[in-house]
Structure formats: C-alpha cells, structure tokens
Amino acid sequence: SAVISQKPSRDICQRGTSLTIQCQVDSQVTMMFWYRQQPGQSLTLIATANQGSEATYESGFVIDKFPISRPNLTFSTLTVSNMSPEDSSIYLCSVQGLNYGYTFGSGTRLTVV
Amino acid sequence: AQSVTQPDIHITVSEGASLELRCNYSYGATPYLFWYVQSPGQGLQLLLKYFSGDTLVQGIKGFEAEFKRSQSSFNLRKPSVHWSDAAEYFCAVGQAYGGATNKLIFGTGTLLAVQP
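Rules used throughout
In every chain, residue numbers begin from 1 and rise along the written sequence. As they are written, the chains are lettered A onward and the ligands numbered 1 onward, keeping that order. This being a predicted model, a pLDDT of at least 70 is required before a residue's local features are given, and a value of 80 or more before pairs of side-chain atoms are given or counted; all residues contribute to the totals for chains, interfaces and linings. The side-chain values count all of the structure's non-hydrogen atoms but skip hydrogen atoms and water molecules. Working definition: helices are DSSP H or I runs of at least four residues, strands are E runs of at least two. Numbering for both runs from the N terminus. We call two residues in contact when some of their heavy atoms are within 4.5 Å. Summed over both partners, the accessible area (1.4 Å probe) lost when two parts come together is defined as the buried area. Think of a salt bridge as a Lys or Arg side-chain nitrogen and an Asp or Glu carboxyl oxygen that are within 4 Å of each other. Definition of a polar contact: a pair of N or O atoms within 3.5 Å, with one able to donate and the other able to accept a hydrogen when the atoms are protein atoms, and with sequence-neighbouring residues admitted only if both atoms are side-chain atoms. The predictor attaches a confidence to each residue, called pLDDT, with possible values from 0 through 100.

**Looking at the environment of A:Thr74**
Residue and element names in this part refer to chain A. Among the secondary structure elements, Thr-74 is positioned in the loop between β7 (68–72) and β8 (75–80). Along the primary structure Thr-74 and Ala-47 are separated by 27 residues, whereas in three dimensions their C-alpha atoms are 17 Å apart. Once residues lying within four places of it in the same chain are set aside, the contact partners of Thr-74 are Cys-23, Gln-24, Val-25, Ser-27 and Gln-28.

Structure (structure tokens):
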C-alpha cells in the first residue's frame, strides 16, 4: 500500500493565522482526500482533491476556509485559513490504494490558541 | 443518505477475553466496508475490508469481521484480546461511484480499553 508522509505532525497556532499542511505520497494516485477529526469525534471528509481540477468540497466546508492544492499526482496541501479555536482538530490526508483499501497519513494535530 | 452507526462508545474487556465491536450501516447498494484502528497519537491503520465474496473477512492482528446483509451489520471480532489492542476502532462504509469507491463515511468510533 502507499506510504504517506504528512507534515507538520503537530502545531500550535495563533487565532487569525493560517497553516498549510502537506501530504506526500510515495506513488502516483488519482484522488487524495482530506479529513478532519475534531476532539473526541470521528472523521469527517473535508474535500476530495484530483490532480488538475478544483477540489470537491463536502457540505459545510468551503474553499475560502480550506483551500487545497494538488499540483501533481503525489502531493497535496490543505490550508486552514483565518483559524479560530474551533479549528483545533487532527487533519488527515488519505489516498485510495489497490483493492479499494485506503491509506491514511499520520495526521496533523492542530491547536489554535 | 449513507451512514454508519457504532452503538458502543466505550468497551472494556479483560486481556484474553473475546471481543465483538458492533457496526451497522445504512446504504442503498452493496457497500464497501472497512474497519480501522487508531492508537493514541497515531494515524489510522486498516484492519480489514469487505467489498465482495466471502462474507467472513480475515484481517491483520487476528481480527475478523462478518458481513451480514440481512442485518446491515459488519461486526468486528477477535477471539482473544491483547493489551496492545487498546485503541479506538472505526467502522467505515465506502461510497461507490462507477464500480470504484472514492470516499469513506465513518462511524463515531468505539474506544476499547483492555484490563490486565
């Protein structure tokens, strides 16, 4: 299965600032997914990122708040913009591998103060 | 709409005892079903998946799960729990498009504690 490198692994940020999370995959993949896991909760899909097209956002998530880049088939970034304490979460990227298995990065633990 | 329900928020078992974690799904077609485990401070690791064939699926770390269409369930089992199994377990259903699945819907998770 694919190996995903996600960074930073954690960060503490001031409210009103932005953080960009990077996700690097060791093989070419068509789709990359970004999830949010709020404290004590399950994972919620933010958006799906295809190379060469605009990301597709789920209900409740907007591009201005969570802009995504997908410059090639092995890399994507998610930016959390104008952060507030409510954005404190774990953010994970994921890719679909062979036989419908999904691989996840180790996550970025974000704390907004 | 597709959904996944994990009725048990928290379960405690003794080491060596058997384990069953429940998962029910709501989905219009044949689902693609997954179990993931998340250890503290770690990402998600795939335990097993089902998308066709034998309804009893074997996974890693001695886990298995059985797909029961009539009950819309995909319960995870392990005959003898080890202390290292303490973690949070997530059931997920894959939403299929054109023969492939391209996003996952997760349940709320079950936190497993293991007593010595």
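More follows now that the structure is in view.
**A short note on the side chain of A:Ser88**
Among the secondary structure elements, A:Ser88 is positioned in the loop between β8 and β9 (89–96). Apart from the residues lying within four places of it in its own chain, the contact partners of A:Ser88 are A:Pro39, A:Leu110, A:Thr111 and A:Val112.

**Brief notes about unusual backbone geometry**
Residues and elements named next belong to chain A. Backbone torsion omega between Lys-7 and Pro-8 reads 0°, so that peptide bond is classified as cis. One non-glycine residue, Asn-82, lies in the positive phi region at around 45°. Locating Asn-82 in the fold gives a position in the loop between β8 and β9.

**Quick notes on the interface of chain B and chain A**
Taken together, the contact pairs 21 residues of chain B with 19 residues of chain A. In this assembly, chain B packs against chain A so that about 1,600 Å² is buried in total across both faces, 58% of it on carbon and sulfur atoms. Across the chain B-chain A interface, the total number found is zero salt bridges. Here chain B is connected to chain A by four residue pairs in polar contact (both at pLDDT 80 or more). For the side of chain B that touches chain A, the secondary-structure elements that each account for two or more residues are β5 (32–38), β6 (44–50) and β11 (100–106) of chain B. Among the elements that take part in the side of chain B that touches chain A, β11(B) stands out by supplying six residues, more than any other.

**With respect to the confidence of the model for chain B**
Averaged over every residue, the pLDDT of chain B is 90; residues scoring 70 or more account for 94%. No element of chain B has a lower mean pLDDT than β11(B), which averages 73, and none a higher one than strand β3 (residues 19–21) of chain B, which averages 98.

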